[in-house]
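Residue-level structure breakdown
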Amino acid sequence: MKTLGNIIWFLFGGIISGLLWILTGVLWCITIIGIPVGVQCFKLAQLSFWPFGRTVLYEGGAMSFLINILWFFFGGIEMALVNCLFGLIFCVTIVGIPFGLQFFKIAKLSLAPFGAVIVVEG
């Protein structure tokens, strides 16, 4: 079921969300200081392409907190708004609710992605 969900997800919004993460990662990687942020964006792009069957766990310390503060103002708000908008659009129909919930999961992750670990469910 998760494979079918991921295929439908990819075709109806996941590709847009994933490409936004890749674009953001490329922009962060332009500077040497932003490369760790860009690498995290590429990891989150993978989650945005195939979210079903994956869980996000939050770990991290003071350094993750500091980077999340910078990220919040320089990319997090925009990414969260785009994903929330897609989530609201999908939640209009009953069939789209599981997809909308995945967009909300990614929107929450968009606000504070550092210190988050993506776990693939068995």
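Not measured: the values here are computed from a predicted model.

1. Remarks on the overall build of the protein chain
- Secondary structure summary: the protein chain contains four helices and two strands in total.
- The order of α-helices and β-strands along the protein chain, N terminus first, is α-α-β-α-α-β.
- Radius of gyration (C-alpha) of the protein chain: 14 Å, near the 14 Å computed for a compact globule of 122 residues.
- Structurally, the protein chain occupies a C-alpha span of about 40 × 30 × 20 Å along its principal axes.
- Buried residues in the protein chain amount to 39% of all 122 residues.

2. What to know about helix 4 (residues 97-111)
- Its 15 residues place the ends of helix 4 21 Å apart at the C-alpha level, agreeing with the 21 Å of an ideal helix rising 1.5 Å per residue.
- Taken residue by residue, helix 4 has Phe 99, Gly 100, Gln 102, Phe 103, Ile 106, Ala 107, Leu 109 and Ser 110 as its buried positions.
- Packing partners of the buried residues in helix 4 comprise helix 1 (2-29), helix 2 (35-49), strand 1 (54-58), helix 3 (62-90) and strand 2 (116-120).

3. Section: the packing of helix 1 against helix 2
- Direction vectors running N to C along helix 1 and helix 2 enclose 175°, while the axes themselves pass 7 Å from each other. Judged on the interaxial angle alone, helix 2 and helix 1 are roughly antiparallel.
- Partitioning the contact of helix 1 with helix 2 into residue classes produces 17 nonpolar, eight polar and no charged.

4. Focus: the environment of Val 82
- The topology assignment puts Val 82 in helix 3.
- Judged by relative accessible area, Val 82 falls into the partly exposed class, the value being 29%.
- Between the C-alpha atoms of Val 82 and Leu 20, which are 62 residues apart in sequence, the distance is 9.4 Å.

5. Quick look at the layout of surface pockets
- Estimates place the volume of the largest pocket at around 150 Å³.
- Taken together, Trp 28, Thr 31, Ile 33, Gly 34, Val 37, Leu 66, Ile 67, Leu 70 and Phe 74 make up the lining of the largest pocket.
- Considering every element that reaches the lining of the largest pocket, the biggest residue donor is helix 3, with four residues.
- Of the residues belonging to the lining of the largest pocket, the class tally is seven nonpolar, two polar and no charged.

Definitions and cut-offs
- Residues numbered from 1 in each chain as written.
- Predicted model: local features only at pLDDT ≥ 70, side-chain atom pairs only at ≥ 80, totals over all residues.
- Heavy atoms only, no water.
- Helix = DSSP H or I, 4+ residues; strand = E, 2+ residues; numbered from the N terminus.
- Rg over C-alpha atoms; globule rule 2.2 N^0.38 Å.
- Buried < 20%, exposed > 50% of the residue type's maximum accessible area, 1.4 Å probe, protein only.
- Expected span 1.5 Å × (residues − 1).
- Contact = heavy atoms within 4.5 Å.
- Axes fitted to C-alpha atoms, helices over the stretch in contact; angles between N-to-C directions.
- Parallel < 35°, antiparallel > 145°, perpendicular 65-115°, else oblique.
- Nonpolar A, V, L, I, M, F, W, Y, C, P; charged D, E, K, R; others polar.
- 1 Å grid on protein atoms, 1.4 Å probe; cavity = no way out; pocket = protein on both sides within 12 Å on 5 of 7 lines; lining within 4 Å.
- Points joined across faces, edges and corners; volume = space filled by probe spheres on them.

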